[in-house]
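Below are the chains, spelled out letter by letter.
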Amino acid sequence: MSVQRLPLRFRISLRRTPGTLGSAWTQPLAIAGMILAGAWILIAIFVPLIAPYDPLAQSSQLVLEPSSAHWFGTDELGRDVFSRVLWGSRLSLPLAFFLVAMAVAVGGILGGIAGYFGGWVDEVIMRATDLVFAFPTIILAMAVTAALGPSLRNAVLAVLVVFWPSYARVVRGLVMSLGQADYVSATRLLGASSRRALVVDVLPNVAGPVMVLATLDLGNAVLLLAGLSFLGLGAQPPTPEWGSMVNTGTQYFERWWMGTFPGFAILSVVLAFNFLGDSLRDALDPRSSWAVQGRDR
Amino acid sequence: MLLGVGITFVAFVLTELVPGDPAAANLGQRAIADPAAVQAFREHYGLDKPLPVQYAVYLQHLVTGDLGQSEQSHRPVRADLSEYVPATAELAVTSILLAFVLGITLGVVAAVRRNRLTDQVLRVISLGGISMPTFWLALVALYVFFFKLGWVPGSGRLDPGVLPAPHVTGLYTVDALLAGQLDVLGTALQHLILPAFVLAAYNVGLLTRFTRSAVLEVINNDYVQAARAKGLPERTVVLRHVLRAALPPIITVGGLAFANVMTGTVLVESIFAWPGIGQYAFHSATTLDLPAIMGVSLFVAIVYIVVNFVVDILYGVVDPRIRVT
């Protein structure tokens with residue numbers, strides 16, 4: 001029994017004092033983020049019940065100003081902007097979650113392999129991440145979508161291409177430093193397989209930093225996808241996607257409501273994820289970011 | 001160096017993934033129906049040769065500084081770049097300077113007023129900055145400050161009818177200053193200010209956060225207390241002793257700030273009709289203009305590497321303990 005518990009006890013001591021993660025949820029910012037994100041998730045789920053109009057239904061009421069009938073006005077084809085903004089959540093939110101999950105999986109696995117085995121495997125994977133980092137995100141993402149052809153699916157692929165390396169880096173670094181930690185050596189000495197050491201001892205400690213990165217990346221994913229759609233490389237009309245709706249707004253510049261409201265939707269979703277991510281980081285790493293309290297020493 | 005070769009390779013592979021045919025994308029409807037024209041196009045751009053040969057030829061040209069010819073503008077990519085780069089440089093440099101000044105100021109204020117209301121408000125503002133969809137901010141800013149208030153002129157680099165000062169640097173403000181044409185300088189600045197601010201939003205958020213934590217790292221050190229005890233005014237303590245020590249980590253954000261500006265400029269230039277490499281990159285990406293895409297990627301990546309190198313050197317200057325080897 002003591003053999004089984006040894007790494008566990010060490011693992012706990014390596015973490016910060018228990019309960020710090022819980023304290024994240026008492027911060028006003030974290031609560032605001034939770035409420036905002038929660039509201040959007042509920043909207044995405046129940047949108048067929050909430051949206052007053054069909055997001056694709058055209059009418060003869062073109063470019064109407066916001067009114068009690070059309071809260072956010074209507075667009076150039078007489079579609080209800082409010083309904084389209086609500087339906088937009090069904091694209092942006094699930095895609096962001098999917099994207100980040102994929103990036104964590106791909107980057108995590110490659111980074112884990114690189115950090116654990118080292119040598120030429122490590123070299124190849126890390127040079128690949130260097131290459132991706134050498135390009136400003138949107139230029140690489142633009143080139144990828146342009147190469148594959150503009151569509152929402154290809155935009156998602158492009159974002160994945162630019163997102164995985166940061167996870168590979170973080171996971172590699174953590175696996176390498178943790179791989180040398182005493183408690184991991186202890187497990188290995190006790191006869192545990194390298195797979196067991198990786199999964200049972202190393203992985204749980206990698207989870208925290210990756211979670212922070214992932215939460216912040218949810219916002220970045222929404223932004224980048226919307227940006228690509230804004231450039232016409234992502235979602236194609238008539239899909240109710242926020243970025244492409246803002247793009248339409250630039251073409252009908254004086255009709256401010258057509259671009260302003262979808263943009264607000266993007267902002268509020270990204271803000272929610274960033275509030276959450278920032279609070280999480282505070283809780284997990286008091287030295288970085290806002291958590292540096294500067295208490296009088 | 002190795003990275004540079006890698007970048008050309010990635011750009012090359014990417015553009016070869018293209019399912020579309022560059023000939024189809026760049027020739028007109030009538031020309032595409034004519035096999036001879038298509039053949040001539042392919043031969044002219046070397047598209048009839050096998051891929052490794054195309055890549056080798058490209059690299060060979062690259063060594064002599066030749067980036068090839070754009071399939072869209074039918075001009076050398078280098079000529080295209082030298083036309084568009086100054087416009088982006090002017091915008092990017094202004095924006096980065098703005099971001100550093102604003103971000104460091106706000107960050108210091110947040111750190112000095114830590115955990116008070118000011119600090120909390122600044123935290124929300126800085127998170128707002130990094131959450132802002134740049135293209136949307138550009139649209140709203142243009143609507144409010146140009147259309148509603150009329151404080152700034154609309155899109156472009158100069159008012160219609162105004163000619164830029166004689167070309168020296170390609171930066172309209174600097175050229176106008178050199179030529180002593182103050183009216184041109186005025187218009188150029190008016191056109192520059194809004195896109196530069198919009199582009200700075202993300203970096204202001206980022207720098208505020210970085211500055212705050214960097215300042216908090218040092219604000220309670222003993223030598224700071226000593227400076228206070230000496231009776232120095234708080235202002236002097238913060239600016240001379242605290243900020244000086246906090247500067248090195250802040251400078252490291254420079255490379256990141258540059259990358260952010262390059263990303264933002266693609267979106268901002270398209271809204272402000274700013275004739276820079278952001279627009280050029282976008283147009284070449286959508287028209288599958290292979291030499292142009294590679295030229296832009298290569299150029300931006302190299303500048304990025306240079307920026308990071310300069311940041312390393314600056315780091316050494318600000319923090320004498322660090323030596324660049």
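Owing to the predicted nature of the structure, the values given are computational and were not obtained by experimental measurement. (Residues numbered from 1 in each chain as written. Chains lettered and ligands numbered in written order. Predicted model: local features only at pLDDT ≥ 70, side-chain atom pairs only at ≥ 80, totals over all residues.)

**Brief notes about the overall build of chain B**
Right, on to step 1. A tally of regular secondary structure across chain B gives 15 helices and zero strands.
Right, on to step 2. Once the C-alpha set of chain B is aligned to its principal axes, its extents read approximately 85 × 50 × 40 Å.
Right, on to step 3. The buried share of chain B, reckoned over its 325 residues, is 42%.
Right, on to step 4. Across chain B, contacts joining residues at least 24 apart in sequence account for 71% of those joining residues at least 6 apart. (Helix = DSSP H or I, 4+ residues; strand = E, 2+ residues; numbered from the N terminus. Buried ≥ 20, exposed ≤ 12 C-beta atoms within 10 Å, placed from the backbone. Contact = placed C-beta atoms within 7 Å.)

**Here's the deal with the overall build of chain A**
Right, on to step 1. A count of helical and extended segments in chain A gives eleven helices and zero strands.
Right, on to step 2. In sequence order, the secondary structure elements of chain A are arranged as α-α-α-α-α-α-α-α-α-α-α.
Right, on to step 3. Buried positions account for 48% of the 297 residues belonging to chain A.
Right, on to step 4. Considering only contacts within chain A whose residues lie at least 6 apart along the sequence, 69% involve residues at least 24 apart.

**As for the environment of Tyr280 of chain B**
Right, on to step 1. Within the fold, Tyr280 of chain B resides in helix α14 (residues 277-286).
Right, on to step 2. Residues Tyr280 of chain B and Val317 of chain B, 37 residues apart in the sequence, show an inter-C-alpha distance of 36 Å.

**Section: the interface of chain A and chain B**
Right, on to step 1. Across the boundary between the two partners, chain A contributes 45 residues, which contact 49 residues of chain B.
Right, on to step 2. Only α5 (119-134), α6 (137-148), α9 (194-230), α10 (242-251) and α11 (256-284) of chain A provide two or more residues apiece to the side of chain A that touches chain B.
Right, on to step 3. Residue contributions to the side of chain A that touches chain B peak at eleven residues, all from α11 of chain A.
Right, on to step 4. Looking at the side of chain A that touches chain B, its residues break down into 26 nonpolar, 14 polar and five charged. (Nonpolar A, V, L, I, M, F, W, Y, C, P; charged D, E, K, R; others polar.)

**Remarks on the packing of α14 of chain B against helix α15 (residues 290-318) of chain B**
Residue and element names in this part refer to chain B.
Right, on to step 1. Interhelical geometry of α14 versus α15 gives an angle of 145 degrees and a closest axis separation of 8 Å. For α14 against α15, the interelement crossing comes out left-handed. Where α14 abuts α15, its residues Ile277, Tyr280, Ala281, Ser284 and Ala285 lie against Ala292, Ile293 and Val296. (Axes fitted to C-alpha atoms, helices over the stretch in contact; angles between N-to-C directions. Left-handed = near helix turned anticlockwise from the far one by under 90°.)

**Looking at the confidence of the model for chain A**
In low-pLDDT segments, the atomic positions of the prediction should not be examined closely.
Right, on to step 1. The share of residues in chain A with pLDDT of 70 or more is 87%, and the mean pLDDT across the chain is 82.
Right, on to step 2. Confidence drops under a pLDDT of 50 for residues 288-297 of chain A, and excluding neighbours within four residues, the segment shows 26 contacts in the predicted structure. (pLDDT = per-residue confidence, 0-100.)

**So, the packing of helix α6 (residues 77-112) of chain B against helix α10 (residues 182-218) of chain B**
Right, on to step 1. Between α6 of chain B and α10 of chain B, the least distance of the axes is 6 Å, while the angle of their chain directions is 35 degrees. The interaxial crossing formed by α6 of chain B with α10 of chain B has right-handed handedness.

**Let's talk about helix α11 (residues 222-229) of chain B**
Right, on to step 1. Little of α11 of chain B is tucked away: zero of the eight residues are buried.
Right, on to step 2. Of the residues flanking the end of α11 of chain B, it is Gly231 of chain B, one or two places downstream, whose phi is positive at about 95 degrees.

**Looking at unusual backbone geometry**
Working note: non-glycine residues mostly have negative phi, and peptide bonds are mostly trans.
Right, on to step 1. Cis geometry marks the peptide bond from Pro237 of chain A to Pro238 of chain A, where omega comes out at 5 degrees.
Right, on to step 2. By the element assignment, Pro238 of chain A lies in the loop between α9 and α10.
Right, on to step 3. Residues other than glycine seldom take positive phi values, yet Val63 of chain A does so here, at roughly 30 degrees.
Right, on to step 4. Along the polypeptide, Val63 of chain A turns up in the loop between α3 (28-50) and α4 (81-117).
Right, on to step 5. For Val63 of chain A, a count of 16 C-beta atoms within 10 Å corresponds to the partly exposed category.
Right, on to step 6. In this model, Ala273 of chain B sits at a positive phi of 50 degrees, which is unusual for a non-glycine residue.

**Considering the nonpolar core**
Right, on to step 1. Ranked by size, the top nonpolar core spans 172 residues in total, and within it Ile139, Ala141, Met142, Val159, Val222 and Ile266 of chain A together with Ala138 of chain B carry the most contacts.
Right, on to step 2. Setting aside chain neighbours within four positions, we find Val222 of chain A in contact with Ser92, Ala96, Ile266, Val269 and Val270 of chain A. (Core = buried A, V, L, I, M, F, W, Y, C linked by C-beta atoms within 7 Å.)

**Describing the confidence of the model for chain B**
Right, on to step 1. In this model, chain B carries an average pLDDT of 83, and 91% of its residues clear a pLDDT of 70 or more.
Right, on to step 2. Taking the mean pLDDT of every element in chain B, the minimum, 63, falls on helix α2 (residues 22-26) of chain B and the maximum, 92, on α6 of chain B.

**With respect to α6 of chain B**
Right, on to step 1. The terminal C-alpha atoms of α6 of chain B lie 50 Å apart, and with 36 residues this matches the ideal 52 Å at 1.5 Å per residue to within 8%.
Right, on to step 2. Where α6 of chain B bends most, at Tyr84 of chain B, the angle is about 30 degrees, and the proline Pro86 of chain B comes one to four residues later. (Expected span 1.5 Å × (residues − 1). Bend = angle between axes of the 7 residues up to and from the residue.)

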